[in-house]
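Commentary on secondary and tertiary structure
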Amino acid sequence: MGPQHPSTHGVLRLILELEGETVREARSVVGYLHTGIEKNLEYRNWVQGSTFVTRMDYLSPLFNETAYSLAVEKLLGIEEQITERATTIRVLMMELNRISSHLVWLATTAMELGAINMMLYGFREREYILEIFELITGLRMNHAYVRPGGVAQDVPDEAIVKIRDFLKLMPKRLKEYEDLLSGQPIWLERTQNVAVLDVTGCVALGVTGPVLRSAGLAWDLRKTMPYCGYETYEFDVPTHSDGDVWGRYLVRNAEIRESLKLVEQALDRLKPGPVMVADKKIAWPAQLAIGVDGMGNSLEHVAKIMGQSMESLIHHFKLVTEGFRVPPGQVYVGVESPRGELGVHAVSDGGTRPYRVHYREPSFVNLQALPAMAEGGLIADVIAGGASLDPVMGGCDR
C-alpha cells in the first residue's frame, strides 16, 4: 500500500498482509525521501547547519532550528548569554509553527477520511501563519531563522500587528472546525475506537507527543524538562484517556488553543533589545535585511564594514568562510515538537564544523507504532491510524 498519494503522501510504503478486509500483519518501509541531511552537516560550518536542519521536518522547521541552535550554544557554553528578546522570539515562532503544523495534520487527516472541506479551511489558516513567517524571516518555509547565538533578525512591527489579528481570528475558526467535525457521525465512526494504542504500548515503543498524551500521559518537555524559559509561561498540557484517533484529534485541537495562549504571552513579553549574542566572534550573520529576493546581508552593513573598518571586514570574511570554532564535547538537547520529543545529539571535535549531529526524530520513532495500531483492524483504519501519528517523512528519512 503506497507510497502513492493521498493515503501515505507519496513517501511511505506499507506492506500489509490481509485476510479479506482485516490486516494480519503491517510493516512500514521508509527511505523514499532520504536527503542525507545529518551527513551533510559534517561538511558545513556550525552556522550553515541551520540551513540544512530546517529542511528535515519541513512542517515544523523552526523546531529543528531551535533544537540545533540550543545544542550548539550548549557546546559553546553561552546559554546564559542568549538575549531575553531572542529567547522570547524563539518561543513565539515555535508556538506559531506548532499551530501551523497541527493545522496541516487536521486538514490532511480530514481529507483522508473524506472531509474535503476541512482540508481547504486548515490550509487557509496555515497560509495566514506562513505570511507571518515570510514577514519575519523572508521565507514561508525552510527559514534558517534561528541561529546559534540568537535569531537572524528582529521581528518587524507589521508582523506583530498581523500576529495580534491572527490571535483574534483563530479561536473562531477553531470553533468552526469543531462544529464541522466533532458531532459528525461519519467522523465519529472513523475515529472513535480506531487505531487504539494505550499508554503502555506508547511507552514501550518510545512514542511521544500528542499520541502519547492522547493515551493519558501528560508528558511534555516544555513542562517536564523546560527550555527557552517555558517554565515561566502559563499553559496546560492537554490529555485524553482513550488512546484512539478521536483522542489524538481532541488533544491536537486543545494544543492549538494552548499555543495561542503562549503566543499572546510571548508578544506581551517582547521587550526591546538585541536578538543575537554580543560576542562578535559568534554573532554571524547578525546584520541581515529582507530584500526582494528574501533575506540576505544588509547592504548598509556591508558598505559600512567595507568603507570604514578593515579589521571588521577581515573578521567578517573569516567568520563567513571558516565559521567559529566550537570546543570539543558532546551534548543532547530535546525540545517538544508538534510530533513529540525532537532531540539533537551534537558532537564537536574542536573544529569549525560538526563532527556528528544526530537527531532523535519523533516521526521516525512514532512510525514503529503503526503495526501495533493496524494489525487486527480493517484496511480502511490503516489510513486513519497512520494519519493520526502525523509522520513527516522528511524528518523520518533525514
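Everything numeric here is computed off the predicted structure, so don't read it as measured data.

1. Remarks on the overall build of the chain
- Helix and strand content of the chain: 17 helices and nine strands.
- Over its C-alpha trace the chain gives a radius of gyration of 22 Å, about what one expects of a compact globule, namely 21 Å for 398 residues.
- Overall, the chain is about 75 × 45 × 35 Å in size when its C-alpha atoms are taken along their principal axes.
- When the 398 residues of the chain are sorted by exposure, 55% land in the buried category.
- The long-range fraction of contacts in the chain, counting pairs at least 24 apart against all pairs at least 6 apart in sequence, stands at 71%.
- Accessible surface, the chain: about 16600 Å² in total, of which carbon and sulfur atoms supply 55%.
- Of the side-chain charges in the chain, 40 are positive and 50 negative, and the distance between the mean point of each set is 4 Å.

2. Some words on the pairing of strand 8 (residues 340-348)
- When you tally the buried positions in strand 8, you get eight out of nine residues, the bulk of the element.
- Remark: two residues form the turn of the hairpin made by strand 7 (residues 329-337) and strand 8, two consecutive strands paired antiparallel.
- Relative to strand 9 (residues 356-360), strand 8 is paired through five bridges, and the arrangement is antiparallel. Across the sheet, His-345 pairs through a bridge with His-358, a residue of strand 9.

3. Digging into the environment of His-143
- Inspection of the secondary structure puts His-143 in the loop between helix 5 (116-137) and strand 3 (146-147).
- Residues His-143 and Val-302, spaced 159 residues apart in sequence, show a C-alpha to C-alpha distance of 22 Å.
- Looking at His-143, its side chain comes within polar contact range of the side chain of Thr-137, at 3.1 Å.

4. Concerning the sheet that holds strand 7
- Strand order in this open sheet of three strands is 7-8-9, and the pairing throughout is antiparallel. Of all the strands in the sheet, just strand 7 and strand 9 have a single pairing partner and so form its edges. Across the sheet, the axes of successive neighbouring strands diverge by a mean angle of 15 degrees, strand direction being ignored.
- Across the sheet, helix 3 (residues 61-76) touches strand 7, strand 8 and strand 9, and the angle it forms with strand 7 is around 150 degrees.

5. Some thoughts on the packing of helix 5 against helix 6 (residues 157-181)
- Two numbers describe how helix 5 lies on helix 6: the axes approach to 11 Å, and their chain directions differ by 170 degrees. The angle between helix 5 and helix 6 falls in the class roughly antiparallel. Of the two elements, helix 5 crosses helix 6, and the hand of that crossing is left-handed.
- For the contact of helix 5 with helix 6, the residue count by class is 15 nonpolar, two polar and eight charged.

6. Overview of helix 16 (residues 379-389)
- Within helix 16, eight of the 11 residues are buried, leaving the element largely enclosed by the surrounding structure.
- Looking one or two residues past helix 16, Asp-390 carries a phi angle of roughly 60 degrees, positive in sign.

7. Some remarks on unusual backbone geometry
- A cis amide bond, omega 5 degrees, links Gly-2 with the succeeding residue Pro-3.
- Phi at Asn-142 takes a positive value of approximately 50 degrees, unusual for a residue other than glycine.
- Take Asn-142: it is sitting in the loop between helix 5 and strand 3.
- At Cys-228, a residue that is not glycine, the phi angle is positive and equals roughly 55 degrees.
- Assignment of secondary structure puts Cys-228 in the loop between helix 10 (221-224) and helix 11 (245-269).

8. Remarks on the pattern of salt bridges
- Following the criterion strictly, the structure yields 31 salt bridges and no others.
- Between Asp-220 and Arg-222 there is a salt bridge whose closest N-O contact spans 2.8 Å.

9. Some details on the packing of helix 4 (residues 84-112) against helix 11
- One way to put it is that helix 4 packs onto helix 11 with a least axis distance of 9 Å and a crossing angle of 155 degrees. When the axes of helix 4 and helix 11 are compared, the pair comes out roughly antiparallel. The interaxial crossing formed by helix 4 with helix 11 has left-handed handedness.
- Class assignment of the residues belonging to the contact of helix 4 with helix 11 gives a composition of 13 nonpolar, four polar and seven charged.

10. Quick notes on the environment of Glu-361
- By secondary structure assignment, the location of Glu-361 is in the loop between strand 9 and helix 14 (362-366).
- Exposure remark for Glu-361: the relative accessible area of 1% places this residue in the buried category.
- With 305 residues separating them in the primary sequence, Glu-361 and Met-56 have C-alpha atoms 9.3 Å apart.
- In this view, Glu-361 contacts Asp-57, Leu-342, Gly-395, Cys-396 and Arg-398; residues no more than four positions away in its chain are not counted.

11. Focus: helix 6
- The terminal C-alpha atoms of helix 6, which comprises 25 residues, lie 36 Å apart, in line with the 36 Å expected from a rise of 1.5 Å per residue.
- Leu-169 marks the point of greatest bend in helix 6, at about 30 degrees, and the proline Pro-171 comes within the next four residues.
- For helix 6, the set of buried residues is Ala-159, Ile-160, Lys-162, Ile-163, Phe-166, Leu-167, Met-170, Leu-174, Tyr-177 and Leu-181.
- Close packing links the buried residues of helix 6 with helix 4, helix 5, helix 7 (185-191) and helix 11.

Here is what the cut-offs are and how they apply
- Residues numbered from 1 in each chain as written.
- Predicted model: local features only at pLDDT ≥ 70, side-chain atom pairs only at ≥ 80, totals over all residues.
- Heavy atoms only, no water.
- Helix = DSSP H or I, 4+ residues; strand = E, 2+ residues; numbered from the N terminus.
- Rg over C-alpha atoms; globule rule 2.2 N^0.38 Å.
- Buried < 20%, exposed > 50% of the residue type's maximum accessible area, 1.4 Å probe, protein only.
- Contact = heavy atoms within 4.5 Å.
- Areas by Shrake-Rupley, 256 points an atom, 1.4 Å probe, with all protein chains shown as cover.
- Lys, Arg positive; Asp, Glu negative; His and termini not counted.
- Charge placed at Lys NZ, Arg CZ, Asp CG, Glu CD.
- Pairing = 2+ DSSP bridges.
- Polar contact = N/O pair within 3.5 Å; in protein donor to acceptor, adjacent residues only side chain to side chain.
- Axes fitted to C-alpha atoms, helices over the stretch in contact; angles between N-to-C directions.
- Parallel < 35°, antiparallel > 145°, perpendicular 65-115°, else oblique.
- Left-handed = near helix turned anticlockwise from the far one by under 90°.
- Nonpolar A, V, L, I, M, F, W, Y, C, P; charged D, E, K, R; others polar.
- Salt bridge = Lys/Arg side-chain N within 4 Å of Asp/Glu carboxyl O.
- Expected span 1.5 Å × (residues − 1).
- Bend = angle between axes of the 7 residues up to and from the residue.

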